[in-house]
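These are the residues of each chain, in order.
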Amino acid sequence: MAREALRDKSVAVIGGGPAGLMAAEVAARAGASVTVYDRMPSLGRKFLLAGRGGLNLTHAEAREAFLARYGAARPRLEAALEAFGPEALRQWCEELGQPTFIGTSGRVFPVAMKTSPLLRAWLRRLAQQGLQVKLKHTFQGWSADGRAIVAGPEGTQTLDADAVVLALGGASWPHLGADGAWVAPFEAKGIHAVPLAPANCGVTLAWSEIFASRNAGAPLKRIAIRIAEHQARGEAIVTRTGLEGGAIYAIASHVRMALAHAGIAAIEIDLRPDETNSSLAARLATPRGKRTLKEHLRRQLHLSPVAVALLQEVAHRDGVNLGALSPDALASLIKALPLQVTGMAGMARAISTAGGVAFDEIDDAFMLKKLPGVFVAGEMLDWEAPTGGYLLQACFATGFAAGQGVLRWLSRD
């Protein structure tokens, strides 16, 4: 359909995060009249939070390894990730005057390292494309004739649009806009949503009061964490109620599944993943003289104070005298320190959300089978991925795919 013909077509996008704005851009660039509705006073609230410590947009690793990060959802996301993948996202940033670079870990960041310059440039371009924005409007569900309903400052409104894109997010950081309230109207329409659960989040453990009060906020650096056959390396932060950080987030989905199955999840922390048991035991066998065990561990193995404290915490829990252990036994404990996870940290602080609209409910164009002309994108779909750029990449990619689906729908005549 020609651009001029699309000017008579209207598209409503509900949700002003990366997925929604990308879908809006695809439709607006093609000539459609697009309005974005968002429940917050400004767009991209959670997107701005994502850049608080440096905006990790995507990842530059090899294609196969990259796609594998999406686990069971890969078959349903692969086409979208191929159509708008890491290189396309980097080119898109370049066109907005926000060049990117690849960090030493393969993660991709804008040179500015912040979300705000990118978001401002994006919103300027969208305004130039004729995008209309209506803030403080909340999705309420559908009317009897299948039209989307939003509630705003001027009351409830039934949208008369030729196509609708829903990019309502998951339920993490709800004060930034996505609270999962869309699940109820979806279920009322008979559209199945897998229950929402926290993803890329911390875990809870039963610390002693002494350990928690003395070590909360301390980082465990250069460690490895295992659960069954799954392992992640990186860093974890001790909290008063457990652990959080990149290494924990990477195994969070496996921890969540273990908790659902057994009510508890056994993990192991390797405090020295680059060394063997035998090399550690050899250094531990060095006479310590008048040094305390704590001093010996710090001098011989360069264990941090929090790592030593964690060893002592586990030993006290299990009634083990660390000083009485042989070098081999102590080395084995350092390489596989057992912890029992009791739960996942709350949804409010989770980086992302697992669960969402089941893929069986949408077609290859990301359109709801039960509501023709209504498309779904972003984190409200049933997929999850680890941190490292994979989350934002899939939000952009599914938004792009939904936008392309809208154009095909509008052109069906």
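The sections below set out a description of the structure shown in this document. Remember, predicted model here, so these are calculated numbers, not experimental data.

**Re the overall build of the chain**
- When helices and strands are tallied, the chain shows 15 helices and 19 strands.
- Across its three principal directions, the C-alpha atoms of the chain cover 85 × 40 × 35 Å.
- For the chain, the proportion of its 413 residues judged to be buried stands at 53%.
- For the chain, the proportion of contacts with a sequence separation of at least 24, taken over those separated by at least 6, is 69%.
- When the accessible surface of the chain is split by element, carbon and sulfur atoms take 52% of a total near 18,100 Å².
- A distance of 8 Å separates the average location of the 44 positive side-chain charges in the chain from that of its 37 negative side-chain charges.

**Brief notes about helix 13 (residues 305–318)**
- Here helix 13 is 14 residues long and its end C-alpha atoms lie 20 Å apart, about the 20 Å a rise of 1.5 Å per residue gives.
- Among the residues making up helix 13, those that are buried are Val306, Ala307, Val308, Ala309, Leu310, Leu311, Glu313, Val314 and Ala315.
- Backbone geometry just after helix 13 places glycine 319 at a positive phi near 70 degrees.

**Remarks on the pairing of strand 18 (residues 352–357)**
- The element strand 18 is extensively covered by neighbouring structure, given that 6 of its 6 residues are classed as buried.
- With 5 bridges joining them, strand 11 (residues 193–199) and strand 18 adopt antiparallel strand pairing. Its bridge partner lying in strand 18, alanine 193 is registered against valine 357.

**Section: the packing of helix 12 (residues 293–301) against helix 13**
- For the pair helix 12 and helix 13, the least separation of the axes is 10 Å and the interaxial angle reads 130 degrees. Considering their axes alone, helix 12 and helix 13 lie oblique with respect to each other. The two elements helix 12 and helix 13 meet at a crossing, and its hand is right-handed. Each of Lys294, Leu297 and Arg298 in helix 12 lies in contact with helix 13, whose residues at this interface are Pro305, Val308 and Leu311.

**Quick look at the sheet that holds strand 5 (residues 107–110)**
- Reading across the sheet, the 3 strands line up as 3-5-4 and stay open at both edges, with antiparallel pairing between neighbours. A strand with exactly one partner marks an edge of an open sheet, and here the two such strands are strand 3 (58–59) and strand 4 (100–102).
- Pairing geometry for strand 4 and strand 5, over 3 bridges, is antiparallel. Counterpart to threonine 100 in the pairing with strand 5 is proline 110.
- Helix 6 (residues 86–95) contacts strand 3, strand 4 and strand 5 of the sheet and is inclined by roughly 140 degrees relative to strand 4.

**Quick word on the sheet that holds strand 9 (residues 155–158)**
- Taking strand neighbours across the sheet as the criterion, the 3 strands line up as 7-8-9 in an open arrangement whose pairing is antiparallel. Of all strands in the sheet, those with a lone pairing partner are strand 7 (138–142) and strand 9, marking the two edges. Taken over all neighbouring pairs, the strand axes of this sheet differ in orientation by 25 degrees on average, direction set aside.
- Pairing geometry for strand 7 and strand 8 (residues 148–152), over 4 bridges, is antiparallel. Pairing of phenylalanine 139 across the sheet is with valine 150, part of strand 8.

What counts, and where the lines are drawn
Residues numbered from 1 in each chain as written. Predicted model: local features only at pLDDT ≥ 70, side-chain atom pairs only at ≥ 80, totals over all residues. Heavy atoms only, no water. Helix = DSSP H or I, 4+ residues; strand = E, 2+ residues; numbered from the N terminus. Buried < 20%, exposed > 50% of the residue type's maximum accessible area, 1.4 Å probe, protein only. Contact = heavy atoms within 4.5 Å. Areas by Shrake-Rupley, 256 points an atom, 1.4 Å probe, with all protein chains shown as cover. Lys, Arg positive; Asp, Glu negative; His and termini not counted. Charge placed at Lys NZ, Arg CZ, Asp CG, Glu CD. Expected span 1.5 Å × (residues − 1). Pairing = 2+ DSSP bridges. Axes fitted to C-alpha atoms, helices over the stretch in contact; angles between N-to-C directions. Parallel < 35°, antiparallel > 145°, perpendicular 65-115°, else oblique. Left-handed = near helix turned anticlockwise from the far one by under 90°.

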